[in-house]
Amino acid sequence: MKTRSRTTRACAAVAVLALATACGQARAGTALPDGDQAAAYVGAKFEKAMSKLGDSILDARNVTNSADAYFRFDDKWVHHTITSARTGSPESRVVHNRSQKNPDEIIDSFTPADGTVEYLYLGPAYKSLAPTPWVSMPKPEGGLVQPCAWGGVQVACKMADAASSSYEADKKAVRGAKSSADGSEELTVNVAFSRFLEQRVEVLPDSLLSKVGPELRKAVVPTTITLKPDGSLSEFVMAAQFEGDGHKIELKYNFRFTGQATAQDLPKVPDAAQVTVLPDNEAKQDFYRRLGDLQGR
């Protein structure tokens, strides 16, 4: 998400490959009639959920999260799982990024509450970036200035922006709202693939992006938002398979909260002998440039 106000209009949950009905439910088992009344109800539910979900993603504390991201373009594909934890006051954070395609592609980021530096652990695929398994770099001044920049929630923020912008472009994008007996709710919205790309849910290299023509851009990515009884996010899923412009695309993105974080979820500060120090912002930017080159970005 690009701004806090934008954040509070977006986010969320559960895989759906078929389009949901446009008939909402006022309470479990009671369907509204089709037509304008149902459309107004569903739209109101979506707007109310979006007004809270940004905060539920960004402001949740002492929690663990997981995100699973899979994208296939013809025979090229990527699949990453990201697990994270944030806990304490002041807060410490950790993110574990694992490739399901290449087990050597491992990156962990650790931001301890104390001190002025944060750390990255580099798996075997990235050992050419530094002579040690860890690098350290200065923490951003003023802390986490852009909350959605933190890897633990970045995917969810981008998914939320894609859902929000699809609704803003076409109110009919919201397809359903359903309440369960336990007070949880499920919302479904059709996200245009063009919005998926614009919000960088997956960042395609130019070689693939140039192949995305008008047919693919008009394709729909069914998205489901599942809310807990208190209105906070439980799960957020985008899933689709479609063809166009002579190409096939399959994708599935799932973000959810997985439990309560404790100090045991955090690593120890690495020994200084295991750390290459990146002393300033210039060194940090050079490191990320070289990391991007390795990742083909």
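Residues numbered from 1 in each chain as written. Predicted model: local features only at pLDDT ≥ 70, side-chain atom pairs only at ≥ 80, totals over all residues. Heavy atoms only, no water.

Here's the deal with the pairing of strand S9 (residues 174-179)
The pairing of S9 with strand S10 (residues 185-192) spans five bridges and is classified as antiparallel. Across the sheet, residue glycine 176 finds its bridge partner in S10, namely threonine 188. Counting the residues in the hairpin turn of S9 and S10 gives five residues, including glycine 183, whose phi is positive at 95 degrees. (Pairing = 2+ DSSP bridges. Helix = DSSP H or I, 4+ residues; strand = E, 2+ residues; numbered from the N terminus.)

A look at the nonpolar core
Counting 55 residues, the largest nonpolar core has Phe71, Phe193, Phe196, Met238, Phe242, Leu251 and Tyr253 as the members making the most contacts within it. Residues contacting phenylalanine 71, with those up to four places away along its chain left out, are Lys76, Trp77, Val78, Phe193, Phe196, Glu202, Leu204, Ile249, Glu250, Leu251 and Tyr253. Leu122, Val135, Met137 and Phe287 belong to the second largest nonpolar core, which has 11 residues in total. (Core = buried A, V, L, I, M, F, W, Y, C linked by side-chain atoms within 4.5 Å. Buried < 20%, exposed > 50% of the residue type's maximum accessible area, 1.4 Å probe, protein only. Contact = heavy atoms within 4.5 Å.)

Some thoughts on the state of the cysteines
Counting across every chain of the model gives one disulfide. With a sulfur-sulfur separation of 2.0 Å, cysteine 148 is cross-linked through a disulfide to cysteine 157. Note on the cysteine 148 and cysteine 157 pair: the S-S dihedral is about -75 degrees, so by sign convention the disulfide is left-handed. (Disulfide = S-S within 2.5 Å.)

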